[in-house]
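Chain by chain, the residues run as shown.
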Amino acid sequence: MFEFHWPWFGLLLPLPLVLPLLWRERAGGGRDADSDLEGQRVTLRHPHLEELRQAYQARRPRRQLAGWLHRLLLVLLWIGLILALMRPQWLVPHTEVSSPGYDLMIAMDASHSMEALDFTVEGRQVSRMQVVKGVMGRFIDTRAGDRIGLTVFGSGAFVLSPLTVDRNAVHQLLDGVEPSIAGSSTALGDGIALGVKRLRQRPPGSRVMILIADGDNTAGSFQPLEAASLARMAGVRIYVIGVGSKQARIPILHEGRIEYWDDLTMDEDTLEQIADMTGGAYFRATDTRALEEISRRIGELEKTETETRTAFLPEPLYRWPLGLALLSLLALGLFPEGRRRFIRSASRA
């Protein structure tokens, strides 16, 4: 489909037709003022006037052709410039089709507490962050057709990936998350609120948030239960995965060495309340059974129907009229005789 982006510039097209009328009125007034002096003018005759007239008549057709060609080039130059100003463009239809699926927003704790070494895999101590990456990485790989987003929260909450069907991209972003990447504190409530803000723009019935946290809230503007109330009002179900143990003293990898901290115990009560308030469920990130249960629960929800949207992408075409104007300007320089003829005819008019 063709259109002009700025069609009102077309009002300038008849401008060259209006200007000669205004100039003619001024010129006519000047001739009236000098009419009294016409009788006093002296005319000098050329001694070979007849030969001069015959030579002029022989060259007249060529001069007339040059004059008309000059006029035509001026018209083409003006039309080309005005058409370029009007920004002609061709609208190319682009159709986007979204397949049915769920809208899953992963809200992940990235505070310093995720460095705690309170899990053991094959006899080796691993951090909470390592457990989360392994668990959620396998979960993302199994969610074909779903739209998955990723947010992290520490001292603040941030979006790493909007909702997308590109699971590989989300998986790579997840692998790049490190403890304290978003600050050393834990803004659990802000992490929930940010995920709700992103999900409420999606159709109802498939708004799902997967919250990975240790239950502590030490920063942020929202309290966890307050943010959970917002999620309930927005129709967002929160499935909570709790990471962390109930040990009194927890080893943590701090600046390359292992230290023992006493304030990293997990607050399971808060996490369970968040899940209950939003109609979700709470799981412990200890093995793959939690993932299987989450997948089963999500499968019971209503999928978002297929969406088809058509957008028209403009393809600019101003180069063509601008090229015409440049060629006309170049050709005008090749016909100086036509310009002189044009000026004489205009002055006689």
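Residues numbered from 1 in each chain as written. Predicted model: local features only at pLDDT ≥ 70, side-chain atom pairs only at ≥ 80, totals over all residues. Heavy atoms only, no water.

1. Some remarks on the UniProt feature "transmembrane region" (unreviewed entry) in the chain
Part 1 of the argument: Listed under "transmembrane region" (unreviewed entry) in the UniProt record, and renumbered for this structure, are residues 6-23 and 68-86.
Part 2 of the argument: Helix makes up 50% of residues 6-23 and strand makes up 0%, while its end C-alpha atoms are separated by 30 Å. (UniProt positions renumbered as here; feature names shortened; annotations may be inferred. Helix = DSSP H or I, 4+ residues; strand = E, 2+ residues; numbered from the N terminus.)

2. A word on the pattern of salt bridges
Part 1 of the argument: The final tally for this structure, using the stated rule, is 4 salt bridges.
Part 2 of the argument: As a salt-bridge pair, D103 and R147 come within 2.7 Å of each other at their nearest N and O atoms. Taken together, the residues span a long stretch of sequence, with D103 in strand β3 (residues 103-109) and R147 in strand β6 (residues 147-153) at a distance of 44 residues.
Part 3 of the argument: On the basis of relative accessibility, which here comes to 7%, the residue R147 falls in the buried class.
Part 4 of the argument: One salt bridge in this structure joins E178 and K133, with 3.4 Å as the shortest N-O distance. Here K133 lies in helix α3 (residues 128-141) and E178 lies in the loop between α4 (167-175) and α5 (188-199), a separation of 45 residues in the sequence.
Part 5 of the argument: The class of E178 is partly exposed, set by a relative accessible area of 43%.
Part 6 of the argument: One network of salt bridges, in which partners are shared, links D103, R147 and R202. (Salt bridge = Lys/Arg side-chain N within 4 Å of Asp/Glu carboxyl O. Buried < 20%, exposed > 50% of the residue type's maximum accessible area, 1.4 Å probe, protein only.)

3. Some words on helix α6 (residues 224-233)
Part 1 of the argument: Every buried residue belonging to α6 is among P224, A227, A228 and A231, and all of these are buried. Around the axis of α6, the buried residues are gathered within 105 degrees of arc, so they sit on the same side.
Part 2 of the argument: Packed against the buried residues of α6 are α5, β9 (237-242) and α7 (268-278).
Part 3 of the argument: With its phi angle positive at about 75 degrees, G235 sits one or two positions after the end of α6. (Arc of directions from axis to C-beta. Contact = heavy atoms within 4.5 Å.)

4. Brief notes about the packing of aromatic side chains
Part 1 of the argument: Per the stated rule, a full pass over the model turns up 2 aromatic pairs.
Part 2 of the argument: With 5.1 Å between their ring centres and 80 degrees between their planes, F2 and F4 make a pair best called edge-to-face.
Part 3 of the argument: A residue is classified by how much of its surface remains accessible, and F4, at 29% relative accessible area, is partly exposed.
Part 4 of the argument: Each ring, one from W6 and one from F9, has its centre 6.1 Å from the other, and the planes form 55 degrees; the classification is tilted.
Part 5 of the argument: F9 sits in the partly exposed class, given a relative accessible area of 26%. (Phe/Tyr/Trp six-rings, centres within 6.5 Å; stacked < 30°, edge-to-face > 60°.)

5. Details of the sheet that holds β3
Part 1 of the argument: Overall, mixed pairing links the 6 strands, which are arranged β7-β6-β3-β8-β9-β12 in an open sheet. The sheet is open, and its two edges are formed by β7 (157-164) and β12 (281-284), each paired on a single side. When the angles between neighbouring strand axes are averaged without regard to direction, this sheet yields 15 degrees.
Part 2 of the argument: When strand β8 (residues 207-213) meets β9, the two strands line up parallel, connected through 6 bridges. (Pairing = 2+ DSSP bridges. Axes fitted to C-alpha atoms, helices over the stretch in contact; angles between N-to-C directions.)

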